[in-house]
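Residue-level listing of the chains:
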Amino acid sequence: MRSVETNPGIIKNIRKVDPYVPGEQPQRKVIKLNTNENPYPPAPGVERALREMDADRFRLYPDPSANDLVSALAEHYGVGMDQVFVGVGSDDVLSMCFLTFFNSEKPILFPDITYSFYKVWAELYRIPYECPKLDENFRIVKEDYYRENGGVIFPNPNAPTAIYEELGFVEDILIHNPDSVVIVDEAYIDFAGKSALELIGRYSNLIVVQTFSKARSMAGMRIGYAISSPALIRYLNNVKYSFNSYTMNQTSIVCGTEAVKDRAYFEKTTKKIVETREWAKEELRRLEFEFPDSRANFIFARHPRYDAGELFEALKKQDIYVRHWDSERIRQYLRITVGTREEMEALFAALRAYMCYTHGR
């Protein structure tokens, strides 16, 4: 029988893309600082909701509008329910945004060093794109986004650099793109500063996307959301209902709703991560690491005397996982998630031991 790979009639019609490569997910106890998960458990109400859920509900389809979750998010952010869209993690939400809004022959714009899923979606949906280069300090050059385009997307803070741009910077890009949809991906905004949500009322072409995976400790639940003008949210829902009406499962809707309600717990754990991050920066400086100022729940660092790939492997042997890309411009950087104080202390002990050993050699 002829294989698919040797059949040109089949191969030519297969959609082929280079897939996104996620961070490793070891299935044993390790110090996991490679995927920017929250080191603290979700809000107590989430566990209570899980215990109290009626299993009989699982035989029924979930509410396709995820009304309870949408209502909780709308109340939390002071917007209308018709301004909120929810999906299976911010990846699902962003993918729907690409499919819905980036439908032009003009290229969309996003940075050359950024969340690598953007390029995957652009290629998957056959969307032309261009990637303006970050400057020598890994900052977005806003003037590169003032030209004609089919849409703009960038994270703030950016990933993997952890650099946050102030609200005026974001507004400048919006001002220069009145005829394009501008998506600000705010997966890490809760560790940074002001959100572009403050601009929603002034710019009908702005979409802000956030997630429960970072500050709300619910990466395993896969909940993301977009907030925008009612018109853009309506277009998003039209595409969603044409694609899959039941994207949000019942458990995620119930638990996500409970997580949003507990503002105090959210603020408490976010504050702990920011405090640990600031302490970790000082520890890295003592070890002579170099890094852009982090405003996320991770630090993007390099050492002038140690190869990042070798550091990555050395830490892995100690069951400490960080993230490394063998890519141009960032080959010598490690992305280190901010864990608990104890996890970070173990990381620094391992780094000091490795440096001492290699220096002794």
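Everything that follows concerns the structure shown earlier in this document.
One structure accompanies this document, and this report is about it. (Residues numbered from 1 in each chain as written. Predicted model: local features only at pLDDT ≥ 70, side-chain atom pairs only at ≥ 80, totals over all residues. Heavy atoms only, no water.)

1. Describing the sheet that holds strand β12 (residues 334–337)
- Strand order in this open sheet of 3 strands is β9-β12-β11, and the pairing throughout is antiparallel. Whereas interior strands pair on both sides, the edge strands pair on one side only; in this sheet they are β9 (298–301) and β11 (323–324).
- As paired strands, β9 and β12 are joined by 4 bridges and run antiparallel to one another. The residue bridging Ala301 from the neighbouring strand is Leu334, located in β12.
- Contacts from helix α9 (residues 263–286) reach β9 and β12 within the one sheet, and its direction differs from that of β9 by about 20°. (Pairing = 2+ DSSP bridges. Helix = DSSP H or I, 4+ residues; strand = E, 2+ residues; numbered from the N terminus. Contact = heavy atoms within 4.5 Å. Axes fitted to C-alpha atoms, helices over the stretch in contact; angles between N-to-C directions.)

2. A short note on helix α6 (residues 167–175)
- Here α6 has its buried residues at Leu167, Phe169, Val170, Glu171, Ile173 and Leu174.
- Those residues of α6 that are buried are in contact with β5 (152–155), β6 (182–185) and β7 (206–211). (Buried < 20%, exposed > 50% of the residue type's maximum accessible area, 1.4 Å probe, protein only.)

3. Overview of the pattern of salt bridges
- Taken as a whole, this structure holds 23 salt bridges when the rule is applied.
- Lys281 serves as the salt-bridge partner of Asp293, at 2.6 Å between the closest nitrogen and oxygen. Placement of the pair is Asp293 in the loop between α9 and β9 and Lys281 in helix α9, with a sequence separation of 12 residues.
- On the basis of relative accessible area, Lys281 is assigned to the buried category, the value being 2%.
- With a closest N to O distance of 2.4 Å, Asp326 and Arg331 form a salt bridge.
- Owing to a relative accessible area of 57%, Asp326 belongs among the exposed residues under this scheme.
- A network of salt bridges, in which partner residues are shared, links Arg277, Glu278, Lys281 and Asp293. (Salt bridge = Lys/Arg side-chain N within 4 Å of Asp/Glu carboxyl O.)

So, to be careful, I would describe these as geometric facts and stop short of saying anything about function.
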